Amino acid sequence: SQQGEEDPQALSIQEGENATMNCSYKTSINNLQWYRQNSGRGLVHLILIRSNEREKHSGRLRVTLDTSKKSSSLLITASRAADTASYFCATCPPAGGTSYGKLTFGQGTILTVHP
Amino acid sequence: EAGVAQSPRYKIIEKRQSVAFWCNPISGHATLYWYQQILGQGPKLLIQFQNNGVVDDSQLPKDRFSAERLKGVDSTLKIQPAKLEDSAVYLCASTVQGAYNEQFFGPGTRLTVL
C-alpha cells in the first residue's frame, strides 16, 4: 500500500514561479525523502529530512516536515523549465521491526514548468 | 563515481515468456533494492538485499518472480512466466549499509508484455 500521498497530482506553472507540493503519510517515520523523476529516467534523490527536523534547504529546494500532522511539503523557488518532472515523496519507517530501511513511495506530483 | 547500471533498458515479450533483468549497484553499496513502477504510480518495493541476503521480499510475487544477488554485488530479477500486468519499469537502487540514507537509482528497464 502507498504510504505517502502527494497533492496536487499535477501542477502547471510558468518559469520563475514557485511550486509547492505536499505529502501526507499515515505511520511513524525515521525520515522522509523527496525524489525527482524525469520522463523515462530513474529517480534522483533531492533531499532527506529526519523525523526530528522541521525544515531543510538545498539550493532552490525547501522541505518542511510536520510530524504531528504527518505531512511534508516541497517548495521549489524560481522554477525553471528543467524542473519539469514527477516528484515523489517516500517515507522510511523507524528502526527495528521488519521494515528495515524500506522506502514507501507516494503516487507523485507531475510538475510542468512552461518557459 | 559510476552510478547504478541496469540492462536491458527496454524489453518486449509475449505473455507466458520469461525475462531477466540485471543490476550492478554502486561499488561498496551493501543494500540493493528492486522496485516495480507501473505507469502513473510510484515505485513499489519488490525485494531488498543486504549483501547477498534477503531482508524483505514480502511484496514479491514468488509464484512468478525470483531474484538473487550472488556474491553480494550484481543482482538479477527474473519473471517466469510473465503476465500482461507485469508491464512496468523495473528499477534497481542501492545504498550504503545502514539503509536510512538516500537511495541511488539506475535508469530502469521498461518491460512491455504483449
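These remarks concern the structure in this document. (Residues numbered from 1 in each chain as written. Chains lettered and ligands numbered in written order. Predicted model: local features only at pLDDT ≥ 70, side-chain atom pairs only at ≥ 80, totals over all residues. Heavy atoms only, no water.)

**Some words on the overall build of chain A**
The helix and strand inventory of chain A stands at zero helices and eleven strands. Along chain A, from the amino end to the carboxyl end, the secondary structure elements read β-β-β-β-β-β-β-β-β-β-β. For 115 residues, the compact-globule estimate of 2.2 N^0.38 gives 13 Å, and the C-alpha radius of gyration of chain A, at 14 Å, lies within 12% of that figure. In terms of principal-axis extent, the alpha carbons of chain A reach across some 45 × 30 × 20 Å. Of all intrachain contacts in chain A linking residues separated by at least 6 positions in sequence, the fraction that spans at least 24 positions is 57%. For chain A, the accessible area works out to roughly 5,400 Å², and carbon and sulfur atoms hold 46% of it. Each charge class in chain A can be summarised by its mean position, and for the 12 positive and 9 negative side chains these summaries are 7 Å apart. (Helix = DSSP H or I, 4+ residues; strand = E, 2+ residues; numbered from the N terminus. Rg over C-alpha atoms; globule rule 2.2 N^0.38 Å. Contact = heavy atoms within 4.5 Å. Areas by Shrake-Rupley, 256 points an atom, 1.4 Å probe, with all protein chains shown as cover. Lys, Arg positive; Asp, Glu negative; His and termini not counted. Charge placed at Lys NZ, Arg CZ, Asp CG, Glu CD.)

**Regarding the pattern of salt bridges**
By the definition in use, this model includes seven salt bridges over all chains. When the shortest N-O distance is used, the salt bridge between D56 of chain B and K102 of chain A registers 3.7 Å. Linking D56 of chain B in strand 6 (residues 53-56) with K102 of chain A in the loop between strand 9 (85-92) and strand 10 (104-105), this pair reaches from one chain into another. Note on K102 of chain A: relative accessible area 15%, which makes it buried. (Salt bridge = Lys/Arg side-chain N within 4 Å of Asp/Glu carboxyl O. Buried < 20%, exposed > 50% of the residue type's maximum accessible area, 1.4 Å probe, protein only.)

**Structural notes on the interface of chain A and chain B**
For an interface, size is often stated in terms of accessible area lost upon the parts coming together. With 29 residues of chain A at the contact, the number on the chain B side is 26 residues. A buried area of about 1,900 Å², summed over both sides, lies between chain A and chain B, and 48% of it is on carbon and sulfur atoms. Along the contact surface separating chain A from chain B lie one salt bridge. Only strand 4 (31-37), strand 5 (43-50) and strand 9 of chain A provide two or more residues apiece to the side of chain A that touches chain B. The residue inventory of the side of chain A that touches chain B, partitioned by class, reads eleven nonpolar, 15 polar and three charged. (Buried area = accessible area lost by both parts, 1.4 Å probe. Nonpolar A, V, L, I, M, F, W, Y, C, P; charged D, E, K, R; others polar.)

**Looking at the state of the cysteines**
Residue and element names in this part refer to chain A. Counting across every chain of the model gives two disulfides over all chains. Linked covalently through their sulfurs, C23 and C89 form a disulfide whose S-S length is 2.0 Å. Disulfide C23 to C89: torsion about the S-S bond roughly 65°, handedness right-handed. Of the two residues, C23 sits in strand 3 (residues 19-24) while C89 sits in strand 9, which places them 66 residues apart along the sequence. The exposure class of C23 is buried, given its relative accessible area of 2%. For C89, a relative accessible area of 0% corresponds to the buried category. Here C92 is not cross-linked by a disulfide; its sulfur's nearest cysteine counterpart is in C89, at 13 Å. (Disulfide = S-S within 2.5 Å.)

**Examining the side chain of T64 of chain A**
All names here are of chain A. With respect to the element layout, T64 can be found in strand 7 (residues 61-66). A relative accessible area of 19% places T64 in the buried class. At a separation of 2.6 Å, a polar atom in the side chain of T64 contacts the side chain of S73. Sequence-distant contacts of T64, defined by excluding residues within four places in its chain, comprise I49, R54, E55, S71, S72 and S73. (Polar contact = N/O pair within 3.5 Å; in protein donor to acceptor, adjacent residues only side chain to side chain.)

**Observations concerning the environment of I47 of chain B**
Structurally, I47 of chain B is set in strand 5 (residues 44-50). If near-sequence neighbours (up to four positions away) are discounted, I47 of chain B is found in contact with L32, Y33, W34, V54, D56, D57, L60 and A67 of chain B.

**Considering the sheet that holds strand 8 (residues 71-76) of chain A**
Residue and element names in this part refer to chain A. Read across the open sheet, the five strands follow the order 1-3-8-7-6; overall the sheet is antiparallel. Bordering the open sheet on either side are strand 1 (5-7) and strand 6 (55-58), each of which pairs with just one other strand. Adjacent strand axes in the sheet meet at a mean angle of 15° when their direction is disregarded. (Pairing = 2+ DSSP bridges. Axes fitted to C-alpha atoms, helices over the stretch in contact; angles between N-to-C directions.)

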